[in-house]
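# Secondary and tertiary structure notes
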Amino acid sequence: MDIEPLSIGRIGEVIDLVSTGAPYLTARTWSDYWAYATLFSSTCPLAVDGARVVGSVVAFRSQDQPGDIYVQDVVTDPGHRRQGITRALLDTVAGRGREWGCRRLYLTSEPGNRTAHAAWTALGFTNVVGDRSFGDISAVTDYKGPGRTRAVYELSLS
Ligand SMILES: CC(C)(COP(=O)(O)OP(=O)(O)OC[C@H]1O[C@@H](n2cnc3c(N)ncnc32)[C@H](O)[C@@H]1OP(=O)(O)O)[C@@H](O)C(=O)NCCC(=O)NCCS
């Protein structure tokens, strides 16, 4: 398994891969991935097995809060899950964040995404306490705008 930065030549594969993350993920547009590949590639690592992309993380360092790196999308090919791919990709992003002196990674997921919750907590993220609960998952009402309630997670880099 190799890890490489997102590149323009891989965009079609990444769109196909992200589509396998339904119903929790929807592929962004080609133009979005072009921007990620040309402006943010060092925090957008891919896992490549042979010639095939089997994992993707899209993350950005905040310009408003430079100590923060926001992880936007995480997906592993269904046939490659539970093999440590997300762990390796998020480690890559965390390592870059530490080089920059960032203080945390953070991300959100839908409160019903129990697999994601299991992954984030296993990887050391804390579920930030919100204003409502879905079983043992805490969420923030309308975090991303009306109707977009999300569970929020953070990982300290210090
Ligand atoms: C969530 C997701 C990205 C995890 O990717 P992954 O590559 O399988 O994760 P890893 O193999 O690195 O798992 C790391 C740890 O998370 C936990 N974990 C991951 N998937 C789990 C599951 N289905 N059930 C319970 N624990 C799980 C485990 O503790 C695992 O370590 P272990 O296998 O040594 O026990 C993957 O399931 C996925 O692509 N889901 C669909 C898209 C999605 O929901 N993305 C998140 C939306 S924000």
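Thresholds, definitions, all that
- Residues numbered from 1 in each chain as written.
- Predicted model: local features only at pLDDT ≥ 70, side-chain atom pairs only at ≥ 80, totals over all residues.
- Heavy atoms only, no water.
- Near = heavy atom within 4 Å.
- Areas by Shrake-Rupley, 256 points an atom, 1.4 Å probe, with all protein chains shown as cover.
- 1 Å grid on protein atoms, 1.4 Å probe; cavity = no way out; pocket = protein on both sides within 12 Å on 5 of 7 lines; lining within 4 Å.
- Sits in = over half its atoms within 2 Å of the grid points.
- Helix = DSSP H or I, 4+ residues; strand = E, 2+ residues; numbered from the N terminus.
- Domains from an automatic or database assignment.
- Contact = heavy atoms within 4.5 Å.
- Buried area = accessible area lost by both parts, 1.4 Å probe.
- Salt bridge = Lys/Arg side-chain N within 4 Å of Asp/Glu carboxyl O.
- Polar contact = N/O pair within 3.5 Å; in protein donor to acceptor, adjacent residues only side chain to side chain.
- Nonpolar A, V, L, I, M, F, W, Y, C, P; charged D, E, K, R; others polar.
- Buried < 20%, exposed > 50% of the residue type's maximum accessible area, 1.4 Å probe, protein only.
- Pairing = 2+ DSSP bridges.

## Observations regarding the site of the ligand
Near the ligand you find 21 residues, and of these Val74, Thr76, Arg82, Gly84 and Thr86 are the closest. Bound to the protein, the ligand loses 79% of the 910 Å² it would expose on its own. According to the grid-proximity analysis, the pocket containing the ligand is the largest pocket. Only strand 4 (68–76), helix 3 (85–100), strand 5 (104–109) and helix 4 (114–122) provide two or more residues apiece to the shell around the ligand. Ranked by residues supplied to the shell around the ligand, first place goes to helix 4 with five residues.

## A closer look at the domain arrangement of the chain
In terms of domain boundaries, the chain breaks down into domain 1 (1–102) and domain 2 (103–158). On a C-alpha basis, the centres of domain 1 and domain 2 stand 19 Å from each other. Each partner contributes to the interface: domain 1 provides 16 residues, whereas domain 2 provides 15 residues. With both sides pooled, the region where domain 1 packs onto domain 2 buries about 1400 Å², and carbon together with sulfur makes up 60% of that total. When residues of domain 1 are sorted by the area they lose upon contact with domain 2, Tyr24, Asp68 and Tyr70 head the list and together hold 39% of the total. In this structure, Asp68 engages Arg104 in a salt bridge whose closest nitrogen and oxygen atoms are separated by 2.9 Å. Run the count over domain 1 and domain 2 and you get nine residue pairs in polar contact (both at pLDDT 80 or more). At the level of elements, strand 4 and helix 3 are the ones that each hand at least two residues to the side of domain 1 that touches domain 2. It is helix 3 that contributes the most residues to the side of domain 1 that touches domain 2, seven residues altogether. For the side of domain 1 that touches domain 2, the residue count by class is nine nonpolar, four polar and three charged.

## Brief notes about the side chain of Ser138
Along the polypeptide, Ser138 turns up in strand 8 (residues 137–139). Using a relative accessible area of 12% as the deciding quantity, one classes Ser138 as buried. Looking at Ser138, its side chain comes within polar contact range of the main-chain nitrogen of Gly130, at 2.7 Å. Apart from the residues lying within four places of it in its own chain, the contact partners of Ser138 are Asn127, Val128, Val129, Gly130, Arg132, Ser133, Ala151 and Val152.

## Here's the deal with the environment of Trp100
With respect to the helices and strands, the residue Trp100 is situated in helix 3. Since its relative accessible area comes to 34%, Trp100 is described here as partly exposed. Placed 33 residues apart in sequence, Trp100 and Gly67 show a C-alpha to C-alpha distance of 8.4 Å. The residues contacting Trp100, other than those within four sequence positions of it, are Ser42, Thr43, Arg61 and Ile69.

## So, the pairing of strand 3 (residues 52–61)
Counting buried positions over the ten residues of strand 3 gives eight, a clear majority of the element. As judged from the four bridges shared by strand 2 (residues 45–49) and strand 3, these two strands associate in the antiparallel manner. By the bridge assignment, Leu46 is partnered in strand 3 with Ser56. Linkage of strand 2 to strand 3, two consecutive antiparallel strands, is achieved through a turn of two residues, within which Gly50 is found at a positive phi near 65 degrees. Two elements, strand 3 and strand 4, share seven bridges in a ladder whose sense is antiparallel. When the sheet's bridge partners are listed, Ser56 is paired in strand 4 with Val75. Between the antiparallel neighbours strand 3 and strand 4 lie six residues.

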